[in-house]
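Here is how the chains run, residue by residue.
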Amino acid sequence: MVQKYQSPVRVYKYPFELVMAAYEKRFPTCPEIPVFLGSEILHESRSEDGAIHVIERSCKLNVDAPRLLKKIAGVEHVFFIQRNTVNWRERTLRIEAHNETFANRVVVRETCSYSVHPENEDWTCFEQSASLDIKSFFGFETVVSPAGDKLDADYIERYLGQLTPLQESCLIRLRQWLQETHKGKIPKDEHILRFLRARDFNIDKAREMLCQSLAWRKQYQVDLILQSWRPPALLQEYYTGGWHYQDKDGRPLYILRLGQMDTKGLVKALGEESLLRHVLSINEEGQKRCEENTNIFGRPITSWTCLVDLEGLNMRHLWRPGVKALLRIIEVVEDNYPETLGRLLIVRAPRVFPVLWTLVSPFINENTRQKFLIYSGNNYQGSGGLVDYVDKDVIPDFLGGDCMCTVSEGGLVPKSLYQSEDEPENSDHIRLWTETIYHSASVLRGAPHEILVEILEGESVITWDFDILKGDVVFSLFHSKRAPEPSHKEATAPSPCGAGDNVQLIDKSWVLGVDYSRVESPLVCREGESIQGSHVTRWPGFYILQWRMHGPLPCSSSSLPRVDDVLASLQGSSHKCKLIYYYEVLASKDFRGSMSSLESCTSGFSQLSGVTTSSSQSQSSSHLSR
């Protein structure tokens, strides 16, 4: 089993020469390092000018393991070979080490480097990477993990909080993967970390969850919600929630007087979509406030506290369509804002609350449920109650505190404001916007998804922007002089971003090179990748954008399929691929930019990104970028 670790960059505020003098004191042995029992020089050499000094040592280390395990393994100590190369001219030290004990079963490799800080020559930087390859030891099998990237240790501690070395490594590796697949447009580190925590630092699960969320944000333009969403006057008057200072830990405090809210009236008057938009704007505002409090308090604040007052909760709140809407909202929030709730304080829970909790709790993640504190009656008062989590001078007046709270008191929504029954809101799924520039599609084995674009003049520009949500696909662009007739194949399940119809245009009787021609080389697109590209058309006619499942193509009797294709076929035979896409046709006279640097003009990613610089690769007549 191969595991890799990459440390963040650590900075010692001492000159390189002083750090080297301290480092040399550990040889041949050092009482301050109990695990290091001693060393012996095997080889030593210097360059003619003395600038480069190389020492190879055998190092003896104590095994930190139970005595029974030592007896089974048959060793009390382990030996490592260490090679140190000091370059006094460039002021660097490179350390390479590997194990000598158990080398035929376990391979441990470590590389460390000391170098001068790039911005302060009196400081020294330290980096460390290591790998563990278990070939055959106590029944373990081989599993390969990806390599890492770099993050500064001071930055991690200041803005992200205390992380174990393995957690740091997971963050760095997932961050690097996003960097490679999204070309620099990656979410902020605290956002990535939330998804890792939600999946217990399982990189594969966190990556899948994060990619689905990023595609959802992109499709429904969630990044713009704080600028574009203005709650209707009715919502401002009857929605009983709002921000109220912070708790004792510095977390932003949100108060929700759910018992005073007419959820049935709000759903009937505004519909689910408006309520969902408002809840999403609250979550976006919460993330923004966390960043502000991090700067104010000088320590990482990555979640907020919610105080829910249930006084007034009754059977009206259990109105089935209202509960259904609540469950959908919870699902969206759980999928896209994990680990943002630090604590949920529920006060004045009435007898009807267990009924609501039974309906709602199965849809709430276990990690989130553990953050709930529930008080019935007046148990929230006094020691062990709110004062343990919220400063006394911040407790709102309606809970017996001295602080005036501006959160609306709600009330019943007048029935005259209800929407007419003949214009019901779509109840099949929540759509954040009535219109979205992105479409969704499912790609099945043997059933590609194809889009027809008719070009009436030469040298027009076709641009595209798509995200692969699930599976690996191959993207191609074809040209035909004749118009194909579309055929539809319904997906067996809806796409996570909307309808997932599968449209096929190229007839099975068509012959490539006769009935149609390929104008773009096939591009293999991996799960999680974001692809933007453009093509300058040479001829009028019909252009077909095609996404097909990655796997073996039909082969002639004289050729055999490749091993990779067979494996891809076996792995994907029971799956389907999902994607969201956008395309646009620009007349040559309207295209902004030169023909040598084509870029999709609607390929925005996410303002969750700390860095959003775009990256592109231009070709002579087309442009494709991941």
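In this report, we go over the structure that sits alongside the text. Each chain has its residues counted from 1, running along the sequence as written. Only residues with pLDDT of at least 70 get local features here, since the model is predicted, and only at 80 or more are side-chain atom pairs given and counted; chain-wide, interface and lining totals rely on the full set of residues. With hydrogens and water set aside, each side-chain value is computed from the structure's full complement of heavy atoms.

1. Things to note about the sheet that holds strand β11 (residues 252–256)
Put simply, the rule is: Two strands are said to pair when DSSP picks up at least two bridges between them. Each helix corresponds to a stretch of at least 4 residues labelled H or I by DSSP, and each strand to a stretch of at least 2 residues labelled E; elements are numbered beginning at the N terminus. Axis definition: a line fit to C-alpha positions, over the contact stretch in the case of helices; interaxial angles, taken between N-to-C directions, run 0 to 180 degrees. Residue contacts are defined here by distance: any two heavy atoms, one from each residue, within 4.5 Å place the two residues in contact.
Strand order in the open sheet formed by five strands is β10-β11-β12-β13-β14, with mixed pairing between adjacent strands. The open sheet has two edge strands, β10 (241–246) and β14 (372–376), and neither has a second partner. Averaged over all pairs of adjacent strands, the angle between their axes in this sheet comes to 20°, without regard to strand direction. Sheet analysis places β10 next to β11, joined by four bridges and oriented antiparallel. Bridge assignment links W243 to a residue of β11, and that residue is Y254. Sheet contacts for helix α10 (residues 272–297): β10, β11 and β12 (304–309); angle to β10, the most-contacted strand, approximately 10°.

2. Some words on the packing of aromatic side chains
Condition: Only rings of Phe, Tyr and Trp enter the pairing, Trp through its six-membered ring, and a pair is recorded when the two centres are within 6.5 Å. The plane angle decides the type: under 30 degrees is stacked, over 60 is edge-to-face, the rest tilted. A simple rule labels every residue: compare its accessible area, found with a 1.4 Å probe on the protein chains alone, to the largest value its type can have, and call it buried under 20%, exposed over 50%, or partly exposed in between. Counted as over-ring charges are cases with an Arg CZ or a Lys NZ within 6 Å of the ring centre that also lie within 35 degrees of the ring normal.
Enumeration over the complete set of coordinates arrives at 19 aromatic pairs. Taken together, a centroid distance of 5.9 Å and an interplanar angle of 40° make the contact between W510 and Y516 tilted. Overall, the relative accessible area of 9% leaves W510 in the buried class. Above the ring of Y159, the side-chain terminus of R158 is found at 4.6 Å from the ring centroid. The ring of F398 carries the charged tip of R257 above its face, separated from the ring centre by 3.8 Å.

3. Re the pairing of strand β17 (residues 461–470)
A regular strand places its side chains on the two faces of the sheet in alternate fashion. Taking burial as the measure, the ten residues of β17 include nine buried ones, the bulk of the element. The pairing of β17 with strand β22 (residues 530–536) spans seven bridges and is classified as antiparallel. Counted as the bridge partner of V461 is V536 from β22. Summarising the sheet, β17 and strand β24 (residues 577–586) pair through nine bridges and their orientation is antiparallel. Bridge pairing links T463 to E584 in β24.

4. What to know about the sheet that holds strand β16 (residues 449–455)
The strand order across the open sheet built from four strands is β16-β23-β18-β21, with neighbouring strands paired in antiparallel fashion. Looking at the sheet topology across the chains shown, the edges are occupied by β16 and β21 (517–525). Adjacent strand axes in the sheet meet at a mean angle of 15°, parallel and antiparallel pairs treated alike. As paired strands, β16 and strand β23 (residues 541–549) are joined by seven bridges and run antiparallel to one another. Looking across to β23, one finds that I451 is bridged to L545.

5. Topic: the pattern of salt bridges
Here is the rule: The term salt bridge refers to a side-chain nitrogen of Lys or Arg lying within 4 Å of a carboxyl oxygen of Asp or Glu.
This model, assessed by the stated rule, comprises 26 salt bridges. Note that D472 and R526 form a salt bridge whose closest N and O atoms lie 3.0 Å from each other. Remark: R526 occurs in the loop between β21 and β22 and D472 occurs in the loop between β17 and β18 (473–480); sequence separation between them is 54 residues. What makes D472 partly exposed here is its relative accessible area of 26%. R482 is paired through a salt bridge with D515; the nearest N and O atoms lie 2.9 Å apart. Taken together, the residues span a long stretch of sequence, with R482 in the loop between β18 and β19 (487–489) and D515 in the loop between β20 (502–504) and β21 at a distance of 33 residues. Residue class for R482 comes out partly exposed when judged on its relative accessible area of 43%. Through salt bridges with shared partners, a single ionic network connects D247, D249, R251 and R343.

No statement about biological role is implied by the geometric values presented.
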